[in-house]
Amino acid sequence: MAKLDLSAENFAKLQKFIDENRSETMGLMPVLHAAQEIFGCIPLEVQKYIAKELNVSVADIYGVVTFYSRFSTEPVGDNLIGVCLGTACYVKGSQAILDRFKKELGIDVEQTTEDGKFTLTATRCLGACGLAPVVTINNDVYGKLVPTEVPKILAKYQKEE
Ligand code: FES
């Protein structure tokens, strides 16, 4: 289950990374990567910590964290669903697929289910337009999907523990 662990131990890990890599040229990105890895996301508390350590503004950090999809401000569920809303997929009905995921999971885009199992996201073109409409779940790719297949696919991940 996706749980946010803001323990002193995790902050100590982040501090260690910063101390070991501190140099004049140390940029923000490596630290954010480390934070994402350690905490599983970069919430405001962690952003503030990094801002203080690196002497940059929280606004700057927030801007970077929200710009790059590889960073998140909230814990991501065990399974990350990405519904492609690129042009080819959109034309082939990916919005209806996204809506079906929302309905089945009872969450909106960029949200995580209460049990921490699924996070739903919409993505840009995944470079697999021939399979449109495309959905990815973790490293699995599902192509030529129709909304009625959504419950069956979700059931597969519900079982996996
Ligand atoms: S538009 Fe969806 S994979 Fe290209």
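Computed from a predicted model, the values in this text were never measured in an experiment.

### Thoughts on the overall build of the chain
Argument step 1. Helix and strand counts for the chain stand at seven helices and five strands.
Argument step 2. Counting helices and strands in the order they occur from the N terminus, the chain gives α-α-α-α-β-α-α-β-β-β-β-α.
Argument step 3. Across its three principal directions, the C-alpha atoms of the chain cover 50 × 30 × 20 Å.
Argument step 4. Within the chain, the proportion of its 161 residues that are buried is 36%.
Argument step 5. Long-range contacts, defined here as pairs at least 24 residues apart, represent 61% of the contacts in the chain between residues at least 6 apart.
Argument step 6. Of the roughly 9400 Å² of accessible surface on the chain, a fraction of 52% belongs to carbon and sulfur atoms.

### Remarks on the packing of aromatic side chains
Think of a pair of aromatic rings as described by two things: how far the centres are apart, and how the planes are tilted against each other in angle.
Argument step 1. Throughout the structure, instances matching the rule amount to four aromatic pairs.
Argument step 2. Centre to centre, the rings of Phe11 and Tyr49 are 5.0 Å apart; their planes meet at 50 degrees, and the pair counts as tilted. Here Phe11 is found in helix H1 (residues 8–21), whereas its partner Tyr49 is found in helix H3 (residues 44–54), with 38 residues between them in sequence.
Argument step 3. Owing to a relative accessible area of 17%, Phe11 belongs among the buried residues under this scheme.
Argument step 4. Each ring, one from Tyr68 and one from Phe71, has its centre 6.2 Å from the other, and the planes form 80 degrees; the classification is edge-to-face.
Argument step 5. Ring pairs connect the aromatic residues Phe11, Phe39 and Tyr49, which therefore count as one cluster.
Argument step 6. Between Arg70 and the ring centre of Phe71, over which it is positioned, the NZ or CZ distance is 5.8 Å.

Conventions adopted
Residues numbered from 1 in each chain as written. Predicted model: local features only at pLDDT ≥ 70, side-chain atom pairs only at ≥ 80, totals over all residues. Heavy atoms only, no water. Helix = DSSP H or I, 4+ residues; strand = E, 2+ residues; numbered from the N terminus. Buried < 20%, exposed > 50% of the residue type's maximum accessible area, 1.4 Å probe, protein only. Contact = heavy atoms within 4.5 Å. Areas by Shrake-Rupley, 256 points an atom, 1.4 Å probe, with all protein chains shown as cover. Phe/Tyr/Trp six-rings, centres within 6.5 Å; stacked < 30°, edge-to-face > 60°. Lys NZ or Arg CZ within 6 Å of the ring centre and 35° of its normal.

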